[in-house]
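# Fold and contact review
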Amino acid sequence: MTQRAIDLWVGIFVAIGLAALLFLALKVGNLLKFNEDAHGYVIEARFDNIGNLKPRAPVRSAGVVVGRVESIALDGKTFEAVARLRIDNRFQFTRDTIAAIYTSGLLGEQFVGLEAGGDTVMLKDGDTLRKTQSAMQLEKLVSQFLFSRAADGPSGPAGATPAPTPPSSSSSGVKP
Amino acid sequence: MAPFVELADVTFGYNASRTILSGITLAVPRGKLVAVMGGSGCGKTTVLRLICGQHKPSLGEVRVGGRSVAAMNREELQAHRRRLGMLFQFGALFTDMTVFDNIAFPMREHTALPEPVIHDMVLMKLNAVGLRGTAELKPSELSGGMARRVALARSIALDPELVLYDEPFAGLDPISLSVVGQLIRKLNDALGMTSILVTHDIQESLKIVDYIYFISEGRVVAEGTPEAIRASSDPFVRQFVDGEIDGPVRFHYPAPPLAAQFGAPVGARH
Amino acid sequence: MALDALANVFVRLGTASRKGITRLGFAMRFLTAVVSHSGTALTRPRLVVREVYFGGVLSLVIVGISGLFIGMVLALQGYETLVRFGASESMGVLVALSLVRELGPVVTGLLFASRAGSAVTAEIGLMKTTEQLAAMEVMAVDPIARVVAPRFWAGVISMPLLAAIFSMLGIYGGFVVGVPLLGIDAGAFWGQMQAAVDWRHDVLNGVIKSVVFAVAVSLIAVFEGYDCTPTAEGVSAATTRTVVTSAIAILALDFVLTVFMFRGGV
């Protein structure tokens, strides 16, 4: 084995190895997408209950991923969950956008859905969403269903629309 | 003139309980070929290790060229080793390199010579041991005698002032043995080196060396020129030269009397 | 009598731990020696390149084939479970996360230890047995700088690359089984994977794991070789120890790293 052949093989090996690393970072780990996210702007959404929402969960609007949940914290004064959402710069949302927590499938991951309103003023970096809708909790849903059945008799109306917990936002006000 | 290599009353042990050398004194004048002889395990190899600075004596002093080896710092020791060649017991050729690369190894490591110069020097050294034709072989393709000669060529690669031979004849057939022996003598005289030969092969040594030291149980028990050794009546020398089984060197390893040990479990000491 | 036997057990345990700790100490001191003698290896990259060839390139085939098959098996097994929850689209996530976070670094580490690590131990051990290391020392060439350090660094370089290749081929194997064979939508396979795998949290941590394992395996391999009893049995015992110790070290380190890296969802 000449030195030249060894050099050649090692060169091929290192190239394949680096290609594999690149593959893992880009194709599997979606490194580029992440970078786009990092360049977006941040808005805050306050929820009474975030359910199983996790950091890095997607933020979708009309089913399209527009950003990610950056962090989740609890506001010690109002006892609300504060989710910071990083939204891609390409997407602008009106100030009266409603944020809601949905579940993909019955047991799937949870994500934040944004539904734009009719306002003409757009959200800026650091703004807080006024209207939110908390995560749907299976236990509450079941108990509501049972109570309404008990109250209304056999022809209860509760089934179809799972009475959402009322939008929390405006009562607690905006805190800078 | 002071001897080139000098051991003055050297005592050495790997640990405190077991001394290997106790009070050895020997002197090797410049340009001479001196043999250090003795039975297996008597500390001959240790003498070589002390000279090249792999070990330090517990007592006494090892001087090479008038300088104490033990007192050298790291750089001086490296410089000292660069002026010295050593032939190991089984050659210790690098098995992953060709014969050529083995001999070029010390040159490439220690000199900045251009590759063509190294090429010529390696062929010169190989020619000196008669093995120019093996340059592209791997050590595993050589016979024992040839491997020893290649190792000899490697130990003189940097034209050392002092060459140490550790059992150069071990495991060689009679022809290879006298070839290696003659080479050692010729190289010593042609290159003006000083050589120390550690061996237990008395017949070959008597033919080639200038002076012989006998070591037994860590001491020098006899010394002299080959003629003097042949004529000696010293019981140790006679036993060694004539190859008798029992004599000053015992056949039995020290043990309690046989009768005391019969019936007792192994390891029980009384 | 029984008390004596019990005491003996503890004495043995104590002796074993003392020896283990002493050895660990020696290994750590050896690591500092190797790192501080790396100048030669780094100024003469040829020495390292040669060892990368023997350690990395020659392990490529076994690592690649293993990765491919493990990815395919993961996909088949995962499908069984996922299809019960109607979540077979998440197979890409399952395969990619298992490989990138765990199996890639761990299995590559185990394969590397038995394929390349044991060879390095045997090689260095044999050089010690045949006095080649002593010969270098007498030639004023430091065997740690000339023999040990290049092999150590070659391992540290090769193994993370092998782990990445393993994961890549594993994911490809999962894709081959999942998409054409089991009929999962290719878009869902990649899309779900990309949504769930984070390059920093998952990929980078996996790479860090493989680097840590690489250092551990390479150190064990060169240390066992350099430290072995210079006899035929000594070399074979050292080779066995390299494989066994490496396996234990990889799995233990994997646990520790996983605790720190993937604790909770953050």
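Up top is the structure these notes are about.
Read on for an overview of the structure.

Conventions used here
- Residues numbered from 1 in each chain as written.
- Chains lettered and ligands numbered in written order.
- Predicted model: local features only at pLDDT ≥ 70, side-chain atom pairs only at ≥ 80, totals over all residues.
- Heavy atoms only, no water.
- Helix = DSSP H or I, 4+ residues; strand = E, 2+ residues; numbered from the N terminus.
- Buried < 20%, exposed > 50% of the residue type's maximum accessible area, 1.4 Å probe, protein only.
- Contact = heavy atoms within 4.5 Å.
- Areas by Shrake-Rupley, 256 points an atom, 1.4 Å probe, with all protein chains shown as cover.
- Lys, Arg positive; Asp, Glu negative; His and termini not counted.
- Charge placed at Lys NZ, Arg CZ, Asp CG, Glu CD.
- Buried area = accessible area lost by both parts, 1.4 Å probe.
- Salt bridge = Lys/Arg side-chain N within 4 Å of Asp/Glu carboxyl O.
- Polar contact = N/O pair within 3.5 Å; in protein donor to acceptor, adjacent residues only side chain to side chain.
- Axes fitted to C-alpha atoms, helices over the stretch in contact; angles between N-to-C directions.
- Left-handed = near helix turned anticlockwise from the far one by under 90°.
- Nonpolar A, V, L, I, M, F, W, Y, C, P; charged D, E, K, R; others polar.
- Pairing = 2+ DSSP bridges.
- Expected span 1.5 Å × (residues − 1).
- Core = buried A, V, L, I, M, F, W, Y, C linked by side-chain atoms within 4.5 Å.
- Phe/Tyr/Trp six-rings, centres within 6.5 Å; stacked < 30°, edge-to-face > 60°.
- Bend = angle between axes of the 7 residues up to and from the residue.
- Patch = residues over 30% accessible without salt bridge, like charges linked within 9 Å, V, L, I, M, F, W, Y side chains within 5 Å.

## Some details on the overall build of chain C
Regarding its fold elements, chain C presents 10 helices and zero strands. In chain C, the succession of helices and strands from N to C terminus is α-α-α-α-α-α-α-α-α-α. Seen along its three principal axes, the alpha-carbon backbone of chain C occupies a region of about 65 × 60 × 35 Å. Among the 266 residues that make up chain C, the fraction classed as buried is 50%.

## Digging into the overall build of chain B
Secondary structure summary: chain B contains 10 helices and 10 strands in total. By residue count, 48% of the 270 residues in chain B fall in the buried class. For chain B, restricting intrachain contacts to residue pairs at least 6 apart in sequence, the fraction spanning at least 24 positions comes to 64%. Approximately 13000 Å² of chain B is accessible, and the part contributed by carbon and sulfur atoms is 55%. Charge centroids of chain B, computed over 27 positive and 28 negative side chains, lie 2 Å from each other.

## Section: the interface of chain B and chain C
Counting from both sides, the interface comprises 23 residues of chain B and, opposite them, 18 residues of chain C. Of the roughly 1700 Å² buried at the junction of chain B and chain C (both faces included), carbon and sulfur atoms supply 55%. Summed over the shared surface of chain B and chain C, the result is four salt bridges. A salt bridge links Glu109(B) to Arg146(C); the nearest nitrogen and oxygen atoms lie 2.6 Å apart. At the surface where chain B touches chain C, the tally comes to seven residue pairs in polar contact (both at pLDDT 80 or more). Residue assignment for the side of chain B that touches chain C shows that the elements contributing at least two residues are α2 (74-82), β6 (84-87) and α3 (99-110) of chain B.

## Structural notes on unusual backbone geometry
One non-glycine residue, Phe79(A), lies in positive phi territory at about 55°. Of the residues examined, Phe79(A) reaches a relative accessible area of 60% and is grouped as exposed. Unusually for a residue other than glycine, Asp159(B) sits at a positive phi of about 45°.

## Side note on the packing of helix α7 (residues 143-181) of chain C against helix α8 (residues 186-196) of chain C
Residues and elements named next belong to chain C. Where α7 contacts α8, the two axes come as close as 10 Å, and the packing angle between them is 145°. As α7 packs across α8, the resulting crossing turns out to be right-handed. For the pair α7 and α8, the contacting residues are Ile171, Gly174, Phe175 and Val179 in the first and Ala186, Phe189, Trp190 and Met193 in the second. Partitioning the contact of α7 with α8 into residue classes produces seven nonpolar, one polar and no charged.

## Description of the sheet that holds strand β5 (residues 67-68) of chain B
Residues and elements named next belong to chain B. Ordered by their spatial adjacency, four strands build an open sheet running β2-β1-β4-β5, and the pairing between neighbours is antiparallel. This sheet does not close on itself; its edge strands, each paired only once, are β2 (18-28) and β5. Relative to strand β4 (residues 59-64), strand β1 (residues 5-15) runs antiparallel, the two being bridged by five bridges. Within β4, the residue paired with Leu7 across the bridge is Val62. Strands in contact with helix α1 (residues 44-51) are β1, β2 and β4; relative to β1, the strand with the most contacts, it is inclined by about 110°.

## Things to note about the interface of chain C and chain A
Contacts between the two partners involve 31 residues from chain C and, on the opposite side, 24 residues from chain A. Here chain C meets chain A over a buried area of about 2700 Å², counting both sides, of which 77% is carbon and sulfur. In this structure, the connection of chain C to chain A is made through one salt bridge. Taking the shortest distance from any N to any O, the salt bridge between Asp7(A) and Arg46(C) comes out at 3.2 Å. Across the contact surface, chain C and chain A share two residue pairs in polar contact (both at pLDDT 80 or more).

## Details of the environment of Gly117(C)
Residues and elements named next belong to chain C. If you trace the backbone, Gly117 turns up in helix α5 (residues 91-129). Here the alpha-carbon distance between Gly117 and Met127, two residues 10 residues apart in the chain, equals 15 Å. Those residues in contact with Gly117, other than ones at most four positions away along the chain, are Phe112, Ala221 and Thr242.

## Quick word on the pattern of salt bridges
With the rule as written, the count across this model stands at 33 salt bridges over all chains. Between Glu161(B) and Arg83(B) there is a salt bridge, with its nearest N and O atoms 3.4 Å apart. Taken together, the residues span a long stretch of sequence, with Glu161(B) in the loop between α5 (144-155) and β7 (162-166) and Arg83(B) in the loop between α2 and β6 at a distance of 78 residues. With a relative accessible area of 43%, Arg83(B) lands in the partly exposed category. The residue Asp202(C) makes a salt bridge to Arg101(C) at a minimum N-O spacing of 2.8 Å. Pair noted here: Asp202(C) is in helix α9 (residues 199-227) and Arg101(C) is in helix α5, with a separation of 101 residues, a long-range link. Salt bridges here are not isolated pairs; linked through shared partners, they connect Asp96(B), Arg50(C), Glu51(C), Glu123(C) and Arg151(C).

## Some points on helix α6 (residues 174-191) of chain B
All names here are of chain B. The first and last C-alpha atoms of α6 sit 26 Å apart over 18 residues, in line with the 26 Å expected at 1.5 Å per residue. Those residues of α6 hidden inside the fold are in contact with β3 (33-37), α4 (115-128), α5, β7, β8 (194-199) and α7 (202-208). Two or three places before Ile175, at the start of α6, stands the capping residue Asp173, its side-chain oxygen 3.1 Å from that residue's backbone nitrogen. A positive backbone phi angle near 65° is found at Gly192, which sits one or two residues after α6.

## A short note on the nonpolar core
In this structure, Val5(B), Leu7(B), Ile51(B), Leu162(B), Leu164(B), Ile196(B) and Ile171(C) are the most contacted members of the largest nonpolar core, which totals 113 residues. Among the elements that line this core, the one with the most residues is α7(C), at 18 residues. With sequence-adjacent residues up to four places away left out, Ile196(B) is seen in contact with Val5(B), Val28(B), Val34(B), Val36(B), Leu48(B), Ile51(B), Leu162(B), Val163(B), Leu164(B) and Tyr165(B).

## Details of the sheet that holds β6(B)
Residues and elements named next belong to chain B. If you walk across this open sheet you meet the six strands as β6-β7-β8-β3-β9-β10, and the pairing is mixed. Here the strands that pair on one side only, and so sit at the sheet edges, are β6 and β10 (219-224). Mean inter-strand twist for the sheet, computed between neighbouring axes without regard to direction, equals 15°. Across four bridges, β6 lies against β7 in parallel orientation. Across the sheet, the residue bridging to Leu87 is Tyr165, located in β7.

## Section: the packing of aromatic side chains
Under the definition given, this model contains 11 aromatic pairs over all chains. Taking the centre distance of 5.3 Å and the plane angle of 80° together, the rings of Tyr53(C) and Phe54(C) count as edge-to-face. Counting every residue linked through ring pairs, the aromatic cluster contains Phe23(A), Phe175(C), Phe189(C) and Trp190(C).

## Considerations on α7(C)
All names here are of chain C. For α7, which comprises 39 residues, the first-to-last C-alpha distance of 54 Å matches the rise-based estimate of 57 Å (1.5 Å per residue) to within 8%. Of all bends in α7, the biggest is about 35°, found at Ala149, and the proline Pro150 comes one to four residues later. Judged by how many residues are buried, α7 sits mostly within the fold: 32 of 39 residues are covered. Between a side-chain oxygen at the N-terminus of α7 and the backbone nitrogen of Ile144 the separation is 3.0 Å; the capping residue is Asp142. Count one or two residues on from α7 and you reach Gly183, which has phi positive near 80°.

## What about a nonpolar patch on the surface?
A cluster of nonpolar residues, Leu8(A), Trp9(A), Ile12(A) and Ile16(A), forms a patch on the protein surface that exposes about 360 Å² of accessible area. With respect to the secondary-structure elements, Trp9(A) resides in helix α1 (residues 3-28).

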